[in-house]
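# Descriptive analysis of the structure
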Amino acid sequence: MADKAKTVPPPRLEMRGIGKSFGGVAVLSDVELTVAPGEVLALLGSNGAGKSTLVKILTGVYTRDAGTVQVDGETSVFPNPRAAVTAGVRLLPQEISVMGDMTVAENISLADLPVRRGPGFAMVDDRTMREQSRALLDQLGFSSIDPDALVKRLSVAEQRIVEIARALAGQARVLVMDEPTAALTEQEAEMIFRIIRRLKEQQVAVIYISHYLNEVFEISDRIAVLRDGQNAGTFDTASASRGEVLAAMLGRVAGDLYDIKGSGETGDEVLTVSGLTVPGKLDGVDFSVRGGEIVGVFGLIGSGIETLGRAIYGALGPATSGTIHVTGSAYRPESAGKGKARGIGFVAADRKHEGIIGDLTVRENMVVPFQHRYVHGLFVSQSAETEQAKRWIDLLGIRTRGPEQVMRTLSGGNQQKVCVSRWLVDSVKLLILEEPTRGVDVGARREIYLELRALADRGLAVLVVSSDVEEVAGIGDRSIVLDRGQVVGRFDKGTPPATLMAATANDPAFNAA
Amino acid sequence: MSTANSTPAAAGSTRGPFLTFLGRPSSGVVMLFAFYILLLLVFSLLSPFFMTVRNMMAIGSNIAFIGLMAAAGTPLIIAGGLDLSVAAIAGLVGVVIAVLHGDYGMNIWLAAVVAIGLGALVGAVNGLFTTRLRLNPLIVTLGMMSIVSGAALILTGGLTKPLMVQGFNWIGQGRIFDIPFPPILMLVVFIALSIVLRRTRFGRFVYAVGGNPEASRLIGLPVERVQMALYILSGISGAVAGLVLAAMLGAAAPAAAAPHLLTVIAAIILGGTSLYGGRGSVWGTLLAVLILGTLNNGLTLNDVSSFWQDVTKGVVLMLAVSLDQIRTRALGE
């Protein structure tokens, strides 16, 4: 120990040669990451780059296949999250996870409740718990939060702060923050930054994950970029340019994947949206889609892309305002059934929970939205269903043992194709897809893009809503960028993904700061 | 289009033959059938009276009203619902017929129609609370069970009312080709429901709605209407079961049907219908009803006390539910 004190202090966290694969597919290979005490390291990477896997290895959720992790120079193995927490590695997850019906103090101390021991019993020491929580909140600069308040009565930002205090309870050495500002307003985000600056003073190492480049440049000391499960560059924030960081993140445009020739012919406007507003989600969105055209909408999580497609389709009910025209006549979203009747098809982002019906067969999954088409007299004609299912399996190149295979046993890409095939009936003129290739391997992704283009060439209007910037830039004949519920950019085909990404980062509040 | 990239087929089966068998959708019914045959064999060896036409018909009559309720309960649970009030409705219906006919002199058949309408109404109320207000069906129908049982006791002051009307009692005691009418009626209902579930649009919606309610809503299926219809159907089935029971007993006993609720639910689950919805068949339920009825009958013939019969029924149910859980896992996450 005395020896080490003379030399430079070891980094707070040092990860070397980290490797991890799932089912033979390498998700991380030879990844390095170091953070010094009091340093803020921004971790960047597009979807699927391996950020979340790396964080899960660091916090004990996954075990690594290769590599070493050292915390303050001590080699560490975290077989479970509890071990990581004990070693001082704490995670602030993207989704807020607090117990609303418990008090602030209880939430903060939950993992390590102070107890008073008597003969043969132990009781929670409420006073100590309250004092510890109070001290932590003071340390963060939020003495205004009452330790006895019920957490559900706090604002979202205050809940975030309680969560941070919980993460810091005990001896926190490394704090991983995953998109900590995603659900917050700009002023609230500024509070988080204040906290991070205090943590720097206290020599905590912070790993900051965010898609907002402006935030990253404001708060971080260094930037580490992951791409395809490997290190793609480390930058000193002070001397780095946005361009080089984006280039490291996105690589060159993956030309092959999106190199698809369409007929280029477009027809009449199938969908016209003006002033579409959903309170708190979308704010006056205007755009249109013609038959034969693929329009892509890109936005980060929380930008309104989660809402746009389903609002138009009708799945949100009548909670929308603004005007929508479908094939020339006014349409008011009311329910999914009404949207379907008006010729709109919808493929939801969350395939498992909102798309497939896992216990049913491929055939049943395909025909169920328009089941009435297969009814002859009183009964459903299974032979008519099978005939149609086989046609769709051929058309979309779905890899299945046949129409009777149980849906849940298909791969993600093939499940997605089934979800698309459902809507390939004459009456559907507009197909809305959310995150069409999420959880789909690269080979099947290209096939889905080919299919979407083929459908557009047959006159369908296609609207793709996605948080994958390369996807939107790659397949959209035109693309739109959403940010905080508003359209912040409109681009033509061939615009580089970095330009789309940069459009979302144009956040006046951060620019002013 | 290019098919150069070949995705690996779904995960290869590296599990043992037993799990592979369990993973097949039909495995449940096959196992139930084997178990039923085994029961028949064991009881024929144990008692000379068991395998007689007379005894088989007795079993048929005894299980009919339970089977009627379980038949309608099956699609309801497949669609993600649950009805705990069905047996209480059966009790109320007998009483209502006895009161309308006996105390107010209403025509017996008109009284029967009114009583069945009442069953449908109770089912509709269950449906409204669960689909519109999105309350948990367990709570709603538990409350309804209490209300309906209480109402039946209030109507008769807790007493059993005689209900002996020529013609009407035939429903419970009559025979066609020497076969008791109640099991025939039950079988007809099972066949009808099987056709509806397998061959009609409504049947497809039942499985889709239970298999994934959110996906069903997003592809524009009438999720709430399907569930509503099934609650009404369950209410009607409770009413018809009550009518059969009263006709069979020649009396309306307000609390006669209620203890059989557990048997109804047990039969549906034992029959392979998943409590999580989306999976199940009425034929599995029918086999389970037969098994539970046979178990009851065979144990009675062998002088096993009814207390031990309860224990046996519980053991069989828990085994079946455990198997269902293993099956769910074998089918893959």
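Along every chain, residues carry numbers that run from 1 in the direction the sequence is written. Labels follow written order: the first chain is A, the first ligand is 1, and so on. The predicted nature of this model means local features are confined to residues of pLDDT at least 70 and side-chain atom pairs, given and counted, to a pLDDT of 80 or more, with totals for whole chains, interfaces and linings taken over all residues.

As recorded in an unreviewed UniProt entry, chain B goes by the name Monosaccharide ABC transporter membrane protein, CUT2 family (TC 3.A.1.2.-), listed as coming from Bauldia litoralis. UniProt positions are given in the numbering used here, feature names are shortened, and annotations may be inferred rather than shown by experiment. Under the heading Subcellular location (unreviewed entry), UniProt records this for chain B: "Cell membrane".

Going by the annotation in an unreviewed UniProt entry, the name recorded for chain A is Monosaccharide ABC transporter ATP-binding protein, CUT2 family (TC 3.A.1.2.-), with Bauldia litoralis given as the source organism. Check the Sequence similarities (unreviewed entry) section of the UniProt entry for chain A; it says "Belongs to the ABC transporter superfamily." Here chain A is described in UniProt, under the heading Subcellular location (unreviewed entry), as follows: "Cell membrane".

### Some thoughts on the overall build of chain B
For helices the rule is a DSSP run of H or I covering at least 4 residues; for strands it is a run of E covering at least 2, with both sets numbered from the N terminus onward. When you go through chain B residue by residue, the secondary structure sums to 14 helices and four strands. With C-beta atoms placed from the backbone, the exposure class of a residue follows from how many other C-beta atoms lie within 10 Å of its own: 20 or more, buried; 12 or fewer, exposed; in between, partly exposed. Across the 333 residues that make up chain B, the buried fraction comes to 49%. C-beta atoms are placed from the backbone for every residue, and two residues are taken to be in contact when these atoms lie within 7 Å. Counting only contacts in chain B whose residues sit at least 6 apart along the sequence, the fraction spanning at least 24 positions is 78%.

### Examining the overall build of chain A
The helix and strand tally for chain A stands at 20 helices and 24 strands. Using C-alpha atoms as the atom set, the radius of gyration is obtained and then compared with a globule rule of 2.2 Å times the number of residues to the power 0.38. Over its C-alpha trace chain A gives a radius of gyration of 26 Å, about what one expects of a compact globule, namely 24 Å for 513 residues. Based on the C-alpha atoms only, the size of chain A along its principal axes is roughly 80 × 50 × 50 Å. Buried residues in chain A amount to 48% of all 513 residues. Within chain A, contacts between residues at least 6 apart in sequence are counted, and of these 67% link residues at least 24 apart.

### Details of the nonpolar core
We define a nonpolar core as a collection of buried residues of the types Ala, Val, Leu, Ile, Met, Phe, Trp, Tyr and Cys that are connected via C-beta atoms lying within 7 Å of each other. By size, the foremost hydrophobic cluster in this structure holds 241 residues, and its most contacted members are Leu463 of chain A together with Met69, Ile97 and Val244 of chain B. With 18 residues, the single largest contributor to this core is helix α11 (residues 223-249) of chain B.

### Describing the interface of chain B and chain A
If you look at the interface, chain B gives 24 residues, while chain A gives 36 residues. Within the residue set of the side of chain B that touches chain A, elements represented by two or more residues are α9 (201-211) and α10 (213-218) of chain B. The dominant element in the side of chain B that touches chain A, judged by the number of residues it contributes, is α9 of chain B, at five residues. Gly counts as polar in this scheme, as do all residues outside two lists: the nonpolar Ala, Val, Leu, Ile, Met, Phe, Trp, Tyr, Cys and Pro, and the charged Asp, Glu, Lys and Arg. In terms of residue class, the side of chain B that touches chain A is built from nine nonpolar, nine polar and six charged.

### A few points about the packing of helix α3 (residues 53-78) of chain B against helix α4 (residues 86-103) of chain B
Residues and elements named next belong to chain B. Axis geometry follows a simple rule: fit a line to the C-alpha atoms, using only the stretch in contact for helices, then measure angles between N-to-C directions, giving values from 0 to 180 degrees. At a minimum axis separation of 10 Å, α3 and α4 run at an interaxial angle of 130°. Classed by the angle they form, the pair α3 and α4 counts as oblique. When the axes of α3 and α4 are compared, the crossing they make is right-handed. In contact with Phe65, Met69 and Gly73 of α3, α4 contributes Val86, Ala87 and Ala90. Looking at the contact of α3 with α4 residue by residue, the classes come out as five nonpolar, one polar and no charged. Angle categories: roughly parallel below 35 degrees, roughly antiparallel above 145, roughly perpendicular from 65 to 115, and oblique for all the rest. Take the far helix as the reference: if the near one is turned anticlockwise from it by less than a right angle, the crossing is left-handed, and if turned clockwise, right-handed.

### A short note on the sheet that holds strand β15 (residues 294-299) of chain A
Residue and element names in this part refer to chain A. The pairing criterion for strands is at least two bridges between them, as found by DSSP. The six strands are arranged β18-β21-β22-β15-β23-β24 in an open sheet whose pairing can be described as mixed. Here the strands that pair on one side only, and so sit at the sheet edges, are β18 (344-347) and β24 (486-492). Going across the sheet, the axis of each strand differs from the next one's by a mean of 20°, ignoring polarity.

### Details of unusual backbone geometry
In this structure, aspartate 228 of chain A takes a positive phi of about 50° despite not being glycine. Residue placement: aspartate 228 of chain A occurs in the loop between β11 (222-227) and β12 (230-236). The phi dihedral of phenylalanine 177 of chain B falls on the positive side, at around 50°, and the residue is not glycine. Checked against the element boundaries, phenylalanine 177 of chain B lands in the loop between β2 (175-176) and β3 (179-180).

### Quick word on the environment of isoleucine 108 of chain B
Residues and elements named next belong to chain B. In this structure, isoleucine 108 sits in helix α5 (residues 108-132). Each C-alpha atom of the pair isoleucine 108 and leucine 92 lies 16 Å from the other, and the pair is 16 residues apart in sequence. Setting aside chain neighbours within four positions, we find isoleucine 108 in contact with His101, Val165 and Phe168.

### Structural notes on the pairing of β24 of chain A
Residues and elements named next belong to chain A. Bridge count for strand β23 (residues 478-483) against β24 is six bridges, and the pairing is antiparallel. Its bridge partner lying in β24, isoleucine 480 is registered against arginine 490. Linking two consecutive strands that pair antiparallel, namely β23 and β24, is a turn of two residues; a positive phi of about 45° is found at arginine 484 within it.

### Quick notes on the sheet that holds β12 of chain A
All names here are of chain A. The strand order β6-β9-β10-β3-β11-β12 describes an open sheet built from six strands, whose pairing is mixed. Because the sheet does not close on itself, it has two edges, and the strands there are β6 (89-92) and β12. The average undirected angle you get between the axes of adjacent strands in this sheet is 20°. Of the strand pairs in this sheet, strand β3 (residues 40-44) and strand β10 (residues 205-209) are connected by four bridges, and their pairing is parallel.

### Re the packing of α4 of chain B against α5 of chain B
The description of two helices packed together rests on the angle between their axes and the distance between the axes. Residue and element names in this part refer to chain B. Where α4 contacts α5, the two axes come as close as 9 Å, and the packing angle between them is 145°. In this structure, α4 meets α5 at a crossing whose hand is right-handed. Where α4 approaches α5, its residues Ile89, Val93, Val96, Ile97, Leu100 and His101 are matched on the opposing element by Ile108, Ala111, Ala112, Val114, Ala115, Leu118, Gly119 and Val122. The residue inventory of the contact of α4 with α5, partitioned by class, reads twelve nonpolar, two polar and no charged.

### Considering α5 of chain B
All names here are of chain B. Its 25 residues place the ends of α5 35 Å apart at the C-alpha level, agreeing with the 36 Å of an ideal helix rising 1.5 Å per residue. Where α5 is concerned, the buried positions are Ala111, Ala112, Ala115, Ile116, Leu118, Gly119, Val122, Gly123, Asn126, Gly127 and Thr130. Where the residues of α5 are buried, they touch α4, α6 (137-156) and α11. With its phi angle positive at about 55°, arginine 134 sits one or two positions after the end of α5. The length a helix should cover is 1.5 Å for every residue beyond the first.

### Digging into the confidence of the model for chain B
Segments scoring low in pLDDT should not have their predicted coordinates read at a detailed level. Residues and elements named next belong to chain B. Mean pLDDT over chain B stands at 85; residues scoring 70 or higher make up 90%. Within the model, the stretch residues 1-14 combines pLDDT values under 50 with 14 contacts to residues more than four positions away or in other chains. Interface confidence for the predicted complex, expressed as ipTM, amounts to 0.77; the pTM equals 0.76. Residue-level confidence of the predictor, termed pLDDT, takes values from 0 up to 100.

### Brief notes about helix α2 (residues 51-58) of chain A
Residues and elements named next belong to chain A. When α2 is considered as a whole, its buried residues turn out to be Lys51, Thr53, Leu54, Ile57 and Leu58. Burial along α2 is one-sided: seen end-on, the buried residues are contained in an arc of 170°. Where α2 terminates, the next one or two residues include glycine 60, which has phi positive at roughly 80°. In this description, one arc is meant: the one made by directions from the helix axis to the C-beta atoms.

### Some words on the domain arrangement of chain A
Note that the domain bounds were set by an automatic or database domain assignment. You can read the domains of chain A as domain 1 (10-88 + 171-251), domain 2 (96-165), domain 3 (255-343 + 429-512) and domain 4 (357-426). Centre-to-centre, using C-alpha coordinates, domain 2 of chain A lies 52 Å away from domain 4 of chain A.

### Comments concerning the UniProt feature "transmembrane region" (unreviewed entry) in chain B
Residues and elements named next belong to chain B. Residues annotated by UniProt as "transmembrane region" (unreviewed entry) correspond here to residues 29-50, 56-77, 108-129, 138-159, 179-197, 228-251 and 257-276. Secondary structure over residues 56-77 splits into 100% helix and 0% strand, and the C-alpha atoms at its two ends are 29 Å apart. The span residues 138-159 is 86% helical and 0% strand by assignment, and the distance between its end C-alpha atoms comes to 29 Å.

### Here we look at the pairing of β6 of chain A
Residues and elements named next belong to chain A. Covered by surrounding structure in β6 are Val89 and Leu91 together with Arg90 and Leu92, the residues of both alternating faces. Sheet topology places β6 next to strand β9 (residues 174-178); four bridges connect them, and they run parallel. Following the sheet pairing, valine 89 is matched in β9 by valine 174.

### Brief notes about the confidence of the model for chain A
Residue and element names in this part refer to chain A. For chain A, per-residue confidence averages 85 on the pLDDT scale, and residues scoring 70 or more make up 94% of the total. Ignoring residues within four places in sequence, the model shows residues 1-6, a span with pLDDT below 50, making one contact including any to other chains. The low-confidence segment residues 508-513, where pLDDT is below 50, has six contacts with residues more than four positions distant or belonging to other chains.

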